[in-house]
Amino acid sequence: MDNNTNLKFVSPCRKKCFEIENHMKTPIRIVGLLTACAFVIYGFARGEAAVVLNKAVNICLECIGLG
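Cut-offs and rules
- Residues numbered from 1 in each chain as written.
- Predicted model: local features only at pLDDT ≥ 70, side-chain atom pairs only at ≥ 80, totals over all residues.
- Heavy atoms only, no water.
- Helix = DSSP H or I, 4+ residues; strand = E, 2+ residues; numbered from the N terminus.
- Buried < 20%, exposed > 50% of the residue type's maximum accessible area, 1.4 Å probe, protein only.
- Areas by Shrake-Rupley, 256 points an atom, 1.4 Å probe, with all protein chains shown as cover.
- Disulfide = S-S within 2.5 Å.
- Patch = residues over 30% accessible without salt bridge, like charges linked within 9 Å, V, L, I, M, F, W, Y side chains within 5 Å.
- Salt bridge = Lys/Arg side-chain N within 4 Å of Asp/Glu carboxyl O.

Scanning the chain from N- to C-terminus turns up two helices and zero strands. The buried share of the chain, reckoned over its 67 residues, is 1%. Of the roughly 6400 Å² that the chain leaves accessible, carbon and sulfur atoms contribute 67%.

Further remarks concern the state of the cysteines. Tallying each qualifying case throughout the model produces zero disulfides. This cysteine, Cys-60, is not joined by any disulfide, and Cys-63 carries the nearest cysteine sulfur, 6.4 Å off. Of the residues examined, Cys-60 reaches a relative accessible area of 47% and is grouped as partly exposed.

Moving on, we get to a nonpolar patch on the surface. A contiguous nonpolar patch, built from Leu-53, Val-57, Leu-61 and Ile-64 and spanning about 360 Å² of accessible area, is present on the exposed surface. Residue classification places Leu-61 among the partly exposed residues on the basis of a relative accessible area of 33%.

Rendered as structure tokens:
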């Protein structure tokens, strides 16, 4: 018996759940994108970009042995 035969059957309830999930993907993605943009703007407003750049420079200088 082939093990893949059970994978071909999908119940009607499961199909309906997938349709709802696919229908909700776009709004969820938009909300996620807007949330990410808001946090990026908030980080820039707090001056976190300079802190991250400073830490990155220090780590790179330590790795090459100049620091």
